[in-house]
Structure formats: structure tokens, C-alpha cells
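Structural overview
Next come the chains, spelled out residue by residue.
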Amino acid sequence: MRYKLYAPKAIDCVINLPASKSISNRALVINALSGSKEVPENLSDCDDTDVMVTALRNMPYEINIKAAGTAMRFTSALLSVSEGEEHIITGTDRMKHRPIEVLVNALRNLGADIEYAGEEGFPPLKIRGKKLAGGLLEIPGNVSSQYISALLMIGPKLTNGLTLHLTGDIISRPYIEMTICTMQEFGADVEWTDASTIRVKAGGYKERPFFIENDWSASSYWYEMAALMNKANANANITLTGLMDGSRQGDSAIRYMFSVLGVKTAFKTRKKLVPTNVALKAQKCMMPRFDFDFINQPDLAQTLVVCTALMGIPFRFSGLQTLRIKETDRIAALKKEMKKLGYVLDDSEEGVLSWDGTRCEPDKEPAIDTYEDHRMAMAFAPAAILFPGLIINNPEVVSKSYPKFWEDLREAGFEIR
């Protein structure tokens, strides 16, 4: 399937954003560990959450997590402490080439019974759940925060709790904070004891109702649309629903990133941690260049790469080392697809993607490949504002995190053929 996109002359819309995938997946695991049979309220309806809901509800012998990396890591840890259960957890071909050795080694160090059912270091895994003692565990802080979150969430179920010491640089710290805050809301005793050590006391979780806020990551594409409409000298009045001021989502930093690109954020109510509507308003951007370290918000990189280049602003974006092992090699994918639009990016520095203003001849009819990566489709879709008739190949990939994305684009006035 392919979509050809044409942007409207103006945007005036209210968009009901999807619920946060990141919070949904954490809440599902913790809720299951609490023993509750009630599901959290306002769960995300994306693929990544659906596979977890199905797995936790049915608990089949073979659990197919498909392309959901978060679900693979979180569910592997959960199964390790599910006493008396035995399962194989697997996924797509791409998932079978996404490394999981760091998490498996850490769980084994806690006493988990895990075998590789295929290639060493990669899914699928065969896991026999049992009671784990816990104790002190040391892992690098520069691995995926999902490994760290997976370990933390089972901490209260370990006999001796868990003391997790993170060595070296710690990346994606806001995602770790999100996990800790969600654990605390379910009654867990967890805290940082110093800048690199987290202590989780044994004691389990308490059952409780839990409401999930909407997704700041999904908002990023609407910020991009507001900025590019302004670049095209077109009006954009965009209101987004269900977002919180003071949100624990790391990607809520998008409001500050786009503030320097001329898009201002106005909350309908300024009460902290209360879902409300957010209005976006774009004005002229005077930024001569944009340098930013994405170490804490790697999932926003694609949006900012596409938007900043199309605005004609040179940039240097660092902290991107984890992009190589996402749904695809996102750095390589961005380089290749941006070239189709006439922008030559440089990745000669490890973990860095930059653009110095170098242009090339764009394709006459650019067709963006999405590499089974939802964020590639959604980050490039707003480029149709400046590239009428832009083609997005395999647009259905958005179901991974934002199933109604194309419906919402139509609601905003985009023509999709």
C-alpha cells in the first residue's frame, strides 16, 4: 500500500491524541504484578499495547510479541517471576535480530531460568518462571532504558528486593523516571539512593484504579505540522487533547524544542498533572541553527530531523546511538529518505546526525520508505506541506503507536489518495 499526500491551505482542527504507549505498557505489567484483574483506564489502542493485553489475558505457551520491542523486554522480565509458568516469547523477523542479551544476562544474574530458543543473544526466549531472590545488580547505564525499566518493575516481587547500580553514562533517564513514578503510584517503595543507584524494596504492589494520559510523542507530528505550515505561509490552529503540564513523559520536552522553532504551547488549564487541551500557535522562527542532545528523547529525533531541515535550519543532533537498534537503523533510514527530498545528512560521528545546509537534486516524485517503522511514516507525512503529492510507502505501520494517524490527518484537511 502507498499513500499520496496533499496538505490543506490551512489547518483548523481538534485532535484527540492516542493514550501514551509508554505509560500503558508500564501500567499493564505493574497492574498484572499487583494481581489486579481490572485493566488501567484509557489504555493505548496501538499494536505494542494490544500484544501485551493479549499476552497477559491469555498467557499462551508461545507468546508472539510481533514487532513490539517494549513488550518483548517488559514481558520477558514479567515471565521470569511468574512462578510455575513456562513460555516461549517470540516476534517478527526484525525482532529476532534485535539484541536482548543485556536483559537476559541481568535476569539470569537474579536467578531467572531463561534459554535462547534460537540465535544466542536474540529472541525467541524460553522462560520458566520462578521466585527470584533479587539483591544487588550492576548493568551499564547506556543500554536501552527498557532493560532498566523491565528490571525495576519486577523489583518489588523479588524476595530481597533489588538494588540496581547503573555504570557509566545513563541514557533516556526520563523513561526510567516514568517507570519509577508509575511503580510508586501502585504502592512500590522505590527511590534513587544516589545519581546512579536505584533501590527497590520487596513488598509487591497494591491494586488501584489507574488513568493513562495521552501521548506527548504523538503530539510531536502536530508540532511539526504547525511549524511547516508557518514555513509555507499558511495558517494552522491545532488543539491537542488529554495532555498534562508537568507530565512525566520524557517526550513532553517536545514543547520546549519546538518553542525555539517558533511553535508556542498554551494549556487550557495550568493545573499540574491534569489532562487538558493544548493549543499550538506558530510564529516566525529566527533560529540560525539548532544543536540538541537527544540522549533523553531519542524517539523525537526523526520528527526534528525532518522538520528542522525543511525549515532550512542547519543542525547537529547528538545522543542518537540507540537509533541504530530501533525498529530499523533510523540514522541510515533518515539519511536515505531525506536525500529523496534533496537534503544531504552526515553521520560520520558516532551517535550524531547533522546537516550543514548541503542540498542535492530531490526526486521528481519522492516516495518515502518506512522500513516497518511507525515513526518514519509519521515524521515524514508533514513534509507533504512543502512537497505536495509526497508518497508514503507502507503507511499502515503507524498502527504500532498511533492507529488513527491517517484519520486525524484527514480530519485536519489533508487529502490522502
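These numbers come from a predicted model, not from an experiment.

1. Overview of empty space enclosed by the protein
Enumeration over the complete set of coordinates arrives at 4 cavities of 30 Å³ or more. Roughly 380 Å³ of volume is contained in the largest cavity. Lining the largest cavity are 28 residues, and of these Lys21, Thr70, Gln146, Asp299 and Lys326 sit closest to its centre. When residues of the lining of the largest cavity are traced back to their parent elements, those giving at least two are α1 (21–34), α3 (69–80), α5 (145–154) and α11 (374–380).

2. Considerations on the pairing of strand β8 (residues 162–167)
Burial of β8 is one-sided: the residues Leu162, Leu164 and Leu166 facing one way are buried, the residues Thr163, His165 and Thr167 facing the other way are not. One ladder, built from 6 bridges, connects strand β7 (residues 135–140) with β8; its direction is parallel. Paired with Leu136 across the two strands is Thr163, which belongs to β8. A crossover connection joins β7 to the parallel β8 through α5; in handedness this β-α-β unit is right-handed.

3. What to know about the environment of Ala112
For Ala112, the position within the fold is in the loop between α4 (101–109) and β5 (113–116). Sequence separation between Ala112 and Val81 is 31 residues; the distance between their C-alpha atoms is 7.7 Å. Setting aside chain neighbours within four positions, we find Ala112 in contact with Ser80, Leu107, Lys130 and Leu132.

4. Notes on the sheet that holds strand β6 (residues 125–128)
Read across the open sheet, the 4 strands follow the order β3-β4-β6-β5; overall the sheet is mixed. Where the open sheet ends on each side, the last strands, each with one partner, are β3 (62–64) and β5. For this sheet, the mean inter-axis angle between neighbouring strands, taken without regard to orientation, is 25°. In this structure, β5 lies alongside β6, joined through 4 bridges in antiparallel fashion. Among the inter-strand pairings, Asp113 is bridged to a residue of β6, identified as Arg128. α4 contacts β5 and β6 of the sheet and is inclined by roughly 150° relative to β5.

Parameters at a glance
Position labels on residues start from 1 in each chain and follow its written sequence. It should be noted that, the model being predicted, local features are given only for residues of pLDDT at least 70 and side-chain atom pairs only at 80 or more, the latter also being counted only at that level, while totals for whole chains, interfaces and linings use all residues. Water and hydrogen atoms were dropped before computing side-chain values, which therefore reflect all heavy atoms in the structure. Lining residues are those with an atom within 4 Å of a point, where the points come from a 1 Å grid over the protein atoms alone and group into cavities, where a 1.4 Å probe fits but cannot get out, or pockets, open sets with protein on both sides within 12 Å along at least five of seven lines. Grid points are joined across faces, edges and corners, and a volume is the space filled by probe spheres set on the points. What counts as a helix is a DSSP run of H or I of at least four residues, what counts as a strand is a run of E of at least two, and both are numbered from the N terminus. A 1.4 Å probe rolled over the protein chains alone gives each residue an accessible area, and that area as a share of the maximum for its type sets the label: buried under 20%, exposed over 50%, partly exposed in between. At least two DSSP bridges between two strands are needed for those strands to be called paired. Think of it like this: strands point away, you trace from the first strand over the helix to the second, and a clockwise trace means the crossover is right-handed. Contact between two residues is taken to exist if any of their heavy atoms lie within 4.5 Å; hydrogens are not considered. Under this scheme, a helix contributes an axis fitted over its contacting stretch, all axes are lines through C-alpha atoms, and angles between N-to-C directions fall in the 0 to 180 degree range.

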